[in-house]
Amino acid sequence: MLADLRRGAVALVVFTVLLGLAYPLLMFGVGRAAFGAAADGSLVEGADGRVVGSRLIGQAFDGREYFWGRPSAAGDGYDAGASGASNLGPTSQTLAATVQQRIAALLAASPGATAVGIPAELVTASGSGLDPDISPAAASFQVERVAAARRLDPAQVRDLVREHTQGRALGFLGEPRVNVLELNLALDTVAGR
């Protein structure tokens, strides 16, 4: 029996070292070598070299001079530690009231806009609550507001949206999208902020 315990202890130590230390370190090294930026969380640096966010995690932008992302139900909003949806169904009165508040806020910030033209993603949260991207339609809806707030020509802002629109992955997967953080950083560069 003592020999079995000894073999078991040796196996525990060997597999702990192999699978608990060596394998994770090897995968970390391969990830860093092959996918450096992605392995670090796809961090985005501002003009001053400071990290301002990640390409993969949405964040709150609420000024009229910025494009707004999809609303978040994660924690207190865009909380990566509490990623998740509100779990409110289509018959929920709370969801309906929340959507109406978001529509009212969008219309108040965008004079001349109508509720008919608001893309659904600007008033409903996603499953993760951390979406970093919006559709080109959601970005286009906001062009006039952003251009007016920054005193820019709307055509110039539309061009920025077009430049930051990413196509479908591999040409057929997903939908075209615009990364809100990268678009807002480009706007700050154009506006000289």
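You'll find the structure just up there.
Description of the structure in this document. Once a new chain begins, its residue numbering starts again from 1 and follows that chain's sequence as written. Residues qualify for local features only when their pLDDT is at least 70, as the model is predicted, and side-chain atom pairs are given and counted only at 80 or more; totals for whole chains, interfaces and linings, by contrast, use all residues. Excluding hydrogens and water, the side-chain figures rest on all heavy atoms present in the structure.

Considerations on the sheet that holds strand β5 (residues 177-179)
- For two strands to be treated as a pair, DSSP must find at least two bridges joining them. Each helix is a run of DSSP H or I of at least 4 residues and each strand a run of E of at least 2, with the numbering of both proceeding from the N terminus. If you walk across this open sheet you meet the three strands as β3-β5-β4, and the pairing is antiparallel. For this open sheet the edge positions go to β3 (133-134) and β4 (165-166), each flanked by a neighbour on one side alone.
- Pairing geometry for β3 and β5, over two bridges, is antiparallel. Note on β5: the bridge partner recorded for isoleucine 134 is valine 178.

Focus: the nonpolar core
- Core analysis: the biggest nonpolar cluster contains 29 residues, and Phe67, Leu106, Ile118, Val157, Val161 and Leu187 have the highest contact counts within it.
- Listing elements by their share of this core, those giving two or more residues are α3 (93-109), α4 (136-150), α5 (154-163) and α6 (180-191).
- Among the elements that take part in this core, α4 stands out by supplying six residues, more than any other.
- Contact definition: two residues touch when any of their heavy atoms are within 4.5 Å. Apart from residues no more than four positions distant in its own chain, leucine 106 is found in contact with Trp68, Ile118, Leu122, Val123 and Phe141. In plain words, nonpolar cores are sets of buried Ala, Val, Leu, Ile, Met, Phe, Trp, Tyr and Cys residues tied together by side-chain atoms within 4.5 Å. Here the term buried applies to any residue with accessible area under 20% of the maximum for its type, exposed to any over 50%, and partly exposed to those in between, with areas from a 1.4 Å probe on protein chains only.

Some remarks on the environment of proline 176
- With respect to the helices and strands, proline 176 occurs in the loop between β4 and β5.
- Classification of proline 176 as partly exposed rests on a relative accessible area of 30%.
- Excluding residues that lie within four positions of it along the chain, proline 176 makes contacts with Ser135, Pro136, Thr165, Gln166, Gly167 and Arg168.

Side note on the packing of aromatic side chains
- Classification of ring pairs rests on two measures: the distance between centres of Phe, Tyr or Trp rings, Trp counted by its six-membered ring, which must be within 6.5 Å, and the angle between planes, read as stacked under 30 degrees, edge-to-face over 60 and tilted in between. Taken as a whole and judged by the stated rule, the model has one aromatic pair.
- Here phenylalanine 61 and tyrosine 66 contribute two aromatic rings whose centre-to-centre distance is 5.5 Å and whose plane-to-plane angle is 40 degrees, an arrangement assigned as tilted. Of the two residues, phenylalanine 61 and tyrosine 66, both sit in the buried class.
- Stacked on the ring of tryptophan 68, the Lys or Arg arginine 145 has its end atom at 4.0 Å from the ring centre. In this scheme, Lys NZ or Arg CZ marks a charge over a ring once it lies within 6 Å of the ring centre and within 35 degrees of the ring normal.

Topic: the packing of α4 against α5
- Helix axes use the C-alpha atoms of the stretch in contact, all axes being lines fitted to C-alpha atoms, and the angles between their N-to-C directions lie in the range 0 to 180 degrees. Remark: α4 packs on α5, axes separated minimally by 9 Å, with the N-to-C direction vectors making an angle of 140 degrees. The angle between α4 and α5 places the two elements in the oblique class. As α4 runs across α5, the sense of the crossing is right-handed. Contacts between α4 and α5 involve Ala139, Val143, Glu144, Val146 and Ala147 on the former and, on the latter, Pro154, Val157, Arg158 and Val161. Any angle that falls under 35 degrees is termed roughly parallel, while one over 145 is termed roughly antiparallel, one within 65 to 115 roughly perpendicular, and all others oblique. Note on convention: the crossing is left-handed when the near helix lies turned anticlockwise from the far helix by less than a right angle, right-handed when the turn is clockwise.

Topic: the pattern of salt bridges
- Any carboxyl oxygen of Asp or Glu that lies within 4 Å of a side-chain nitrogen of Lys or Arg is treated as forming a salt bridge with it. By the definition in use, this model includes nine salt bridges.
- Notably, a salt bridge pairs arginine 168 with glutamate 175, separated by 3.4 Å at the nearest N-O pair.
- Owing to a relative accessible area of 53%, glutamate 175 belongs among the exposed residues under this scheme.

Looking at empty space enclosed by the protein
- Here a cavity denotes a set of grid points, spaced 1 Å apart and computed over the protein atoms alone, in which a 1.4 Å probe fits but from which it cannot get out, and a pocket denotes an open set meeting protein on both sides within 12 Å along at least five of seven lines; residues with an atom within 4 Å of a point are reported as lining. Grid points are joined across faces, edges and corners, and a volume is the space filled by probe spheres set on the points. Following the criterion strictly, the structure yields one cavity of 30 Å³ or more and no others.
- As a volume, the largest cavity reaches approximately 60 Å³.
- Ile57, Gly58, Gln59, Phe61, Gly69, Arg70, Tyr78, Asp131, Pro132, Asn179, Val180 and Leu181 are the residues that line the largest cavity.
- Residue classes follow a fixed rule: Ala, Val, Leu, Ile, Met, Phe, Trp, Tyr, Cys and Pro count as nonpolar, while Asp, Glu, Lys and Arg count as charged, and any other residue, Gly among them, counts as polar. For the lining of the largest cavity, a count of residues per class yields six nonpolar, four polar and two charged.

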